[in-house]
Amino acid sequence: MPSQPTCGTAASSTMARKVKRKQEAEPSQRNTRKKQRDASLDSTSASHTEDDNSQAVKRVMDEVMKKLTETDNDLVKFLRESIQGLNVNKKELVGVFGKTGAGKSSLINAIIGENDLLPTGSVEACTSVIIKVEANTENQYKMEVKLISKEDFDNEMDFFRPYFEEREECDPDYESKLTALFGDEWKGKSLDSIKKDSKRYKEIVKKLEKKTLEESYPLSKKQILCEDLKIYTKEESGESDVTNIWYWPVVENVTIKVPNNELLRHVTLVDLPGNGDYNKTRNEMWKKLVSSCGTVWVVTEANRAASELEAWEILESVCRHLGHGGECRNIHFICTKLDHMIKKPDDNVMEIKENIKKKVNKKITSNKEFQKHFSNDYFKVFTVSAEEYFETNLLAPEQTDIPKLQDFIRNLNSKQERASRYVSAAYGILSLMKGAHIHNVHPAVQVRRMLSEGVEDGLQNIERTISDWYSDFDQSLTEGVEKAKAQCENKIKGIIIDHKSSHHRTLKSIVEKNGVHKPKKGKEINLNTVLSSFLTDCIDQQFRTVFPNDPKPGSFCDNIQQFSLYTKGLRQDYPDPQLSLKFLEQEEVKLKRNLCQEILTRKKSIYNCLTETLQREMQPCYDVAKTIKGKDSLENMRNAVLQHIKERKTTMFDQAKRAMLEKLKELKNFVKEEIEAHLGKVMNLCFPHEVSGLPDISKELSRVEEIYNKLEPRENRAPPTSEGLEEKPQPGASDCTDKTVVFNPEVSSESDHLLYRLRCPSAGSFRCPLTRLVFVVTKEAELRYRSVQWEENLLKSSGMTPAGPLFDIECPERAVCELHLPHCELETADLSQSGLFVAHISDSGLILMEPQRITESHVVIPVSGLSMFGLVWSFFFEHRAVRGQVLLFRTPREQSTEMITLNMYLLPSNIPVEQVKRKQWVTTQYICAPSKCELVIDQHYSVDCPSAVIVQPDRAPFDMDNGPNYHPTFELRLPSDGHTLSITVREKKRFQEREVWTHQVNLIGQSEAFTLKHLH
């Protein structure tokens, strides 16, 4: 492949180590370290079972595939496609960012256990080339170099035409690219003469005609691969090379495939530039990869981890591509070269590592851009030393944090999950084939009707939820549009009017690169995102709630997961078609998984369309400004941009808003159509009018079923496959509690109280996540319940006091056999001495019931009829410690005082948060924060908040406020310009005090437009 003489030169110029270790490890010690590293990398022994299971099932499915070749109908076509789709697995992408010299290549080499694979040394990493490192199934190394198209290259050369004859001052980025390709021969010459006379130009064009360059290397030739890689990804750090071509300006990406590497089996490591590229092809590839990364590592040197500007600038510049515009679930700050901070063997390594982590974690909490898109639990810090990992002198391998990162990647492979998913899908396919022969027509018609009704009900619920979100986004975007129209001119003026001598070149770069200037060092300037920020700032918090990168309660994907055909209940009621229902169950799981992935993909487009629409609206002024030359060109470029904004501002922000709302509609329609089409299709296949042409797969089903039952939890295991199945009797409480299913209830407002409606599709145990109530039912039923006021006088006569909310529960079907009420006892408490009772209040009066049992979270009682139930304890148990929660609500800014109010509630942990939200004013904003704490009844507490103008009262007792009306314990008055504030709750005793809760509250992005109005 490459045959250039730069290999030897690059190798000989490799930089020597900055720090030479005086202490040599003993041979025995080195052998021990090597064994530890090998053990860390070798995960095959732990995964043999999963591999064996998958391979065994794959062989079975290959046999079934051969049997399906003799016939051809819709069912057989579907079965073939389904079997072929079993092998499709999406790879996890881990993006690696960092400045030159931070140790990215050394880190990747250490992680994959390949010393000196990616080149390190005095040559500088190119700022544009993407390097992907993944596994190779063949026993050799492989390099694939994908080049930009000849058309792209010609367009770039035409763009550079004015700089060849030095008619204009050349941008440093442009100069470095031209020098890498042509040495110094391009300077002072015309582009036409270069095309005609330059040997380099002709050699470049010849390579571009191949589009992709591939080369394989035996295991013994890894060093040659390393040297060849430099030609396509690196540039010399010194003077320009007069004899050799550095091809990085025409490379789109490079893929290195590593043999025999179990760690990379389902993971790709991607070495990424900190910014995109003005070249459209490379920039689109960069954005696609960055937005697809599930994990990102930002690499910087440990000794300046918290103060290194470039690393933090990289993180800020990519946040929008990773967060709302991406699917990143983990951001790791990798602090390299830890060994450089250790001066002698007896240094306290743990203390050094913890100090670094503390400084970095402190900085991330104040990073505005990060906090817009992520919560702090997405962020983690590692302190590593790749050098010490390979050649131990001062650190044990585990102290380098390399094994921790390897374990993280190993978990991304999730072999057990992949094996389970493969086996489950295969079992579903075989269940369909077997079940198509054995069910009767009459129950099949009934089941089909019930399934269709379930689909319709589920779609209506999803549609209602999306409509509510649409209205909220519409309102928030409208506010953003008005702010943009009023402020956008001044905002852009502050950026493009600069008195620095270099600003002419910067502004010219901005307009030439369509509004974006990406310097090698320093922050990116992006006029398009500045304009769209007026809109995105108004929706960021809501967007994070609806479209988080990992499914959370209340999100779109959570709503998709709540959709159910209730096939488990139908299998109990209709045993004959249960194999077909098992297939439907697997298809439902697959459909919801695919929909959630599609939502994750489309939400990126939904968020990014605001910036993309505004860039299209701004493009005419960029095109005009880039042609301006001569005297006063700087002033004329500024005027062209500002005049365009002045003329278009009344329409372009509205267009961006409409574009986003239209994409939300498209997503809603896609989800609805996909559910209807896919489930309609598979239900037709499950219950056909007649079946023909299917082979007998009884033996294959039996073999897969055995493996399936080994992998699946007991409650999900396969039904018997024999014919003539008998219907099981109705279950009692003991039969229903093997697994509790979480079901979101419908919530409505009735007489100023929340009314919950929970539909239980079958016998089983069902938990309401909003109230934490658990109902065990013996059959399909509908439950209605709400929180009501305790009658204190009734309780006092019995010597009792409330220990939780009082719930009024109704079930017309009388199907509830067991009720679980959430308590607030401490995890360390002796539950046998809790003194808890259940108060059952009906028309006949008050009955105190002893618990059947008390779990770590609930009090369980058997029930036959329903009315009002709540937890109580005797007065003897007052002044006890309980699990508590701290809830925060902020009011909008008061125009007269420029102040906001933060209301703080100290409540027992079994009070439903949604009910407290319901009691707030319509414009009040709930602030999501860690709420758990330990509180003592009747003990006094105080609040410490340095940012607060006033906190009132000075101290207050904690009482068991069980609702349904709730009142703040403390009120904090705050200036409205604060970003973050520290709040601490302290327990006040006579001679001492104790800190019970503390949190750094982030007020940035707490949009006043996103209110609790949907609860009213």
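For the structure itself, consult the block above.
The sections below set out a description of the structure shown in this document. (Residues numbered from 1 in each chain as written. Predicted model: local features only at pLDDT ≥ 70, side-chain atom pairs only at ≥ 80, totals over all residues. Heavy atoms only, no water.)

Moving on to helix α13 (residues 349-365). Taking 1.5 Å per residue as the helical rise, α13 with its 17 residues ought to reach 24 Å, and the 25 Å between its terminal C-alpha atoms agrees with that figure. Sitting at the head of α13, Asn-348 places a side-chain oxygen 3.3 Å from the backbone nitrogen of Met-350. (Helix = DSSP H or I, 4+ residues; strand = E, 2+ residues; numbered from the N terminus. Expected span 1.5 Å × (residues − 1). Polar contact = N/O pair within 3.5 Å; in protein donor to acceptor, adjacent residues only side chain to side chain.)

The next thing to look at is the sheet that holds strand β11 (residues 379-383). Overall, mixed pairing links the 9 strands, which are arranged β5-β4-β7-β3-β8-β1-β9-β10-β11 in an open sheet. The open sheet has two free edges, formed respectively by β5 (212-217) and β11, since each of these has just one partner strand. On average, each strand axis in the sheet is tilted by 20° relative to the strand beside it, whichever way the strands run. Across 7 bridges, strand β3 (residues 130-136) lies against strand β7 (residues 251-259) in parallel orientation. The residue of β7 that forms the bridge with Val-133 is Ile-256. (Pairing = 2+ DSSP bridges. Axes fitted to C-alpha atoms, helices over the stretch in contact; angles between N-to-C directions.)

Read across the sheet, 4 strands follow the order β33-β31-β35-β36 without closing on themselves; strand pairing throughout is antiparallel. The open sheet is flanked by β33 (956-957) and β36 (993-1002), the only strands paired with a single partner. Inspection of the sheet shows strand β31 (residues 940-944) paired to β33 by 2 bridges, in the antiparallel sense. Across the sheet, residue Tyr-941 finds its bridge partner in β33, namely Ala-956.

Our focus in this paragraph is the packing of helix α19 (residues 503-512) against helix α24 (residues 633-686). With their axes 10 Å apart at the nearest point, α19 and α24 run at an angle of 40° to one another. Put simply, α19 runs oblique to α24. Two packed elements cross with a definite hand, and for α19 against α24 that hand is left-handed. Here α19 contributes His-503, His-504, Leu-507, Lys-508 and Val-511 to the contact with α24, which in turn contributes Ser-633, Leu-634, Met-637, Arg-638 and Val-641. Across the contact of α19 with α24, the residue classes break down as 5 nonpolar, 3 polar and 2 charged. (Parallel < 35°, antiparallel > 145°, perpendicular 65-115°, else oblique. Left-handed = near helix turned anticlockwise from the far one by under 90°. Contact = heavy atoms within 4.5 Å. Nonpolar A, V, L, I, M, F, W, Y, C, P; charged D, E, K, R; others polar.)

The next subject is the side chain of Glu-301. Here Glu-301 shows up in strand β9 (residues 295-301). Although buried, Glu-301 forms no salt bridge, and the nearest oppositely charged side chain, Lys-337, lies 4.0 Å from it. Setting aside residues no more than four positions away along its own chain, Glu-301 makes contact with Lys-99, Gly-101, Ala-102, Thr-336 and Lys-337. (Buried < 20%, exposed > 50% of the residue type's maximum accessible area, 1.4 Å probe, protein only. Lys, Arg positive; Asp, Glu negative; His and termini not counted. Salt bridge = Lys/Arg side-chain N within 4 Å of Asp/Glu carboxyl O.)

Scanning the entire structure with this criterion turns up 21 aromatic pairs. A ring pair is formed by Phe-78 and Phe-583, whose centres lie 6.1 Å apart and whose planes are at 90°; its orientation type is edge-to-face. Within this pair, whereas Phe-78 is found in helix α4 (residues 74-84), its partner Phe-583 is found in helix α23 (residues 578-625), the two being separated by 505 residues in sequence. Relative accessible area serves as the criterion here: at 6%, Phe-78 is assigned to the buried category. (Phe/Tyr/Trp six-rings, centres within 6.5 Å; stacked < 30°, edge-to-face > 60°.)

Here we come to the environment of Thr-268. Relative to the helices and strands, Thr-268 is located in strand β8 (residues 267-271). On the basis of relative accessible area, Thr-268 is assigned to the buried category, the value being 3%. Apart from residues lying up to four places away in sequence, Thr-268 is in contact with Lys-91, Glu-92, Leu-93, Val-94, Lys-132, Val-133 and Glu-134. For Thr-268, the side chain forms a polar contact with the side chain of Glu-134, separated by 3.4 Å.

Here we take up the pattern of salt bridges. Counting across every chain of the model gives 53 salt bridges. A salt bridge links Lys-58 to Asp-62; the shortest N-O distance between them is 3.6 Å. Residue Lys-58 and its partner Asp-62 are located together in helix α3 (residues 44-67), separated by 4 residues, close to a single helical turn. We classify Lys-58 as partly exposed; its relative accessible area is 27%. Salt-bridge contacts for Glu-585 lead to Lys-582; the nearest nitrogen and oxygen are separated by 3.2 Å. In this pair, Glu-585 and Lys-582 are both assigned in helix α23, 3 residues apart and thus about one turn of the helix distant. Like Lys-582, Glu-585 is buried. Among the charged side chains, a network of salt bridges with common partners joins Glu-746, Arg-757, Arg-759, Glu-782, Arg-784 and Glu-810.

Turning next to helix α25 (residues 698-711). Over its 14 residues, α25 runs 20 Å from end to end, which matches the ideal 20 Å to within 8%, given 1.5 Å per residue. All of the buried residues in α25 are Glu-700, Leu-701, Val-704, Glu-705, Ile-707 and Tyr-708.

Of the consecutive residues Gln-952 and Pro-953, the connecting peptide bond is found in the cis state with omega at -5°. Here Pro-953 lies in the loop between β32 (950-952) and β33. The phi dihedral of Asn-514 is positive, around 60°, even though this residue is not glycine. Within the element layout of this structure, Asn-514 appears in the loop between α19 and β12 (516-517). For Asn-514, a relative accessible area of 25% corresponds to the partly exposed category.

Relative to each other, α23 and α24 sit at 165°, their axes nearing to 8 Å. Comparing their axes, α24 and α23 come out roughly antiparallel. Handedness of the crossing formed by α23 with α24: right-handed. The class makeup of the residues in the contact of α23 with α24 is 31 nonpolar, 6 polar and 9 charged.

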